[in-house]
Amino acid sequence: SSKDNMDILRKGKYGGVGFSVGIRKRKLTVLSVMEESPSYSEGIFVGDQIIRVDSVDTKGLSVKEAIKLIKGEVGTPVELTVFRPSIRKNINFNLTRGNIRVKHVPYWGVDENGVGYIRITKFSRNVAKDFKDALEEFKKTDQLNGIIIDLRKNSGGLLSSATRIVDYFTERGEIILKSKGKKSGSNREWKSRLKPIISNDIPLVVLIDKNSASASEIVSGALQDLDRAVI
């Protein structure tokens, strides 16, 4: 539900096993598995069909109902019976629910040409911190020649995370964003509060596509307006 999603955006933690599910061909199917999660380390694969959660048959359950069964208190066990189509067999998994931290900065690195690449899939609570860690790593590179921020397919998230990321590239006191409402009292502006982490002479490119929305548009638009990045 959107409330659950908002909780994950805000808190970034829940007692889960680290995969996402959906209904495919009327079967509850694993759509993605998070690295370093209980599911990943126990060997649950994308495409596995969840047949039973503990002793409950998943047939006819909605995704929401199934997730309710799979999630629970951190540290408690959950048994999943999975049908794996590739070998046409049922497999049992005994997992311990973990503190799953949703990683929305899944990858960063610097290539042999000194170009840093960093991907953000959603602007959740932990993103600004992870992004900052990446920039600090980039700074240790002998020859940093540019940075690419990949916001493709990023549907947005928290405004506070977006403005903080722009803050890392802009001079203190610069206006990052203005919002205007119908009443003059609802007009607001956000100013950069920090010195830039990455110096202004390092070129910046932001990648977006037609699925980059809301907070992604704020980050790309603000960096473009301030002449700090090429979109």
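The coordinates are above.
Sequence order as written defines the numbering, with residues in each chain counted from 1. Given that the model is predicted, a residue must reach a pLDDT of at least 70 before its local features are reported, and side-chain atom pairs must reach 80 or more before they are shown or counted; all residues, however, enter totals for whole chains, interfaces and linings. The basis for every side-chain value is the complete set of non-hydrogen atoms in the structure, without hydrogens or water.

1. Observations concerning the nonpolar core
Then, in step 1: In these notes, a set of buried Ala, Val, Leu, Ile, Met, Phe, Trp, Tyr and Cys residues joined through side-chain atoms within 4.5 Å is what counts as a nonpolar core. Think of it in three bands: residues with accessible area under 20% of the maximum for their type are buried, residues over 50% are exposed, and the middle band is partly exposed, with areas taken using a 1.4 Å probe on protein chains only. Counting 32 residues, the largest nonpolar core has Ile147, Ile149 and Phe169 as the members making the most contacts within it.
Then, in step 2: Starting at the N terminus, helices and strands are each numbered in turn, a helix being any DSSP run of H or I of at least four residues and a strand any DSSP run of E of at least two. Taken together, the elements giving at least two residues each to this core come down to α4 (127–139), β11 (146–150), α5 (159–167), β12 (175–179), β14 (204–207) and α6 (215–225).
Then, in step 3: Among the elements that line this core, the one with the most residues is α4, at 6 residues.
Then, in step 4: Contacts are assigned to residue pairs that have any heavy atoms within 4.5 Å of one another. Apart from the residues lying within four places of it in its own chain, the contact partners of Ile147 are Gly116, Ile118, Leu135, Phe138, Phe169, Ile198, Ile202, Pro203, Leu204 and Val205.

2. Regarding the pattern of salt bridges
Then, in step 1: One speaks of a salt bridge when a side-chain nitrogen belonging to Lys or Arg is within 4 Å of a carboxyl oxygen belonging to Asp or Glu. Counted by the stated rule, this structure contains 6 salt bridges.
Then, in step 2: The partner of Lys129 in a salt bridge is Asp133, with the nearest N and O atoms 3.1 Å apart. Separated by 4 residues within a single helix, Lys129 and Asp133 lie in helix α4, roughly one turn from each other.
Then, in step 3: What makes Lys129 exposed here is its relative accessible area of 51%.
Then, in step 4: Salt bridges linked by common partners bring Arg119, Asp150 and Arg152 together as one network.

3. A few points about the pairing of strand β9 (residues 107–110)
Then, in step 1: Two elements, β9 and strand β10 (residues 115–119), share 4 bridges in a ladder whose sense is antiparallel. Paired with Tyr107 across the bridge in β10 is Arg119.
Then, in step 2: Hairpin connection, β9 to β10: the antiparallel pair is bridged by 4 residues, and Gly114 has positive phi, about 75 degrees. By definition, two strands form a pair when at least two bridges between them are found by DSSP.

4. Re the side chain of Ser220
Then, in step 1: Mapped onto the secondary structure, Ser220 falls in helix α6.
Then, in step 2: Whenever a nitrogen or oxygen atom comes within 3.5 Å of another N or O atom, the pair is scored as a polar contact, on the condition that within protein one atom can donate a hydrogen and the other can accept it, and that pairs from neighbouring residues in sequence are kept only if both atoms are in side chains. Of the polar contacts made by the side chain of Ser220, one reaches the backbone oxygen of Ser216; its length is 2.8 Å.
Then, in step 3: For Ser220, the residues in contact, after removing those within four places along its chain, are Val206, Ile208 and Ile231.

5. Considerations on the packing of α4 against α5
Then, in step 1: To get an axis, fit a line to the C-alpha atoms, keeping to the stretch in contact for a helix; angles then go from 0 to 180 degrees between the N-to-C directions. The N-to-C vectors of α4 and α5 enclose an angle of 20 degrees; their axes lie 9 Å apart at closest approach. Considered as vectors, α4 and α5 are oriented roughly parallel to each other. Here α4 and α5 pass one another in a crossing that is right-handed. Contacts between α4 and α5 involve Val127, Ala128 and Phe131 from the former and Ser161, Arg164 and Ile165 from the latter.
Then, in step 2: In the scheme used here, Gly and all other residues not listed as nonpolar or charged are polar, with Ala, Val, Leu, Ile, Met, Phe, Trp, Tyr, Cys and Pro taken as nonpolar and Asp, Glu, Lys and Arg as charged. Residues belonging to the contact of α4 with α5 are distributed by class as follows: 4 nonpolar, 1 polar and 1 charged. For classification, angles of less than 35 degrees are called roughly parallel, those exceeding 145 degrees roughly antiparallel, those between 65 and 115 degrees roughly perpendicular, and all remaining angles oblique. Note on convention: near helix rotated counterclockwise from far helix by under a right angle means a left-handed crossing. Clockwise means right-handed.

6. Considerations on the packing of α5 against α6
Then, in step 1: One can describe the packing of α5 onto α6 by two numbers: an axis separation of 9 Å at closest approach and a directional angle of 20 degrees. One way to sum up the angle between α5 and α6 is to call them roughly parallel. In the packing of α5 onto α6, the handedness of the crossing is right-handed. Note on element contacts: α6 touches α5 through Ala215, Ile218, Val219, Ala222 and Leu223, opposite Leu159, Ala162, Ile165 and Val166.
Then, in step 2: In terms of residue class, the contact of α5 with α6 is made up of 9 nonpolar, no polar and no charged.

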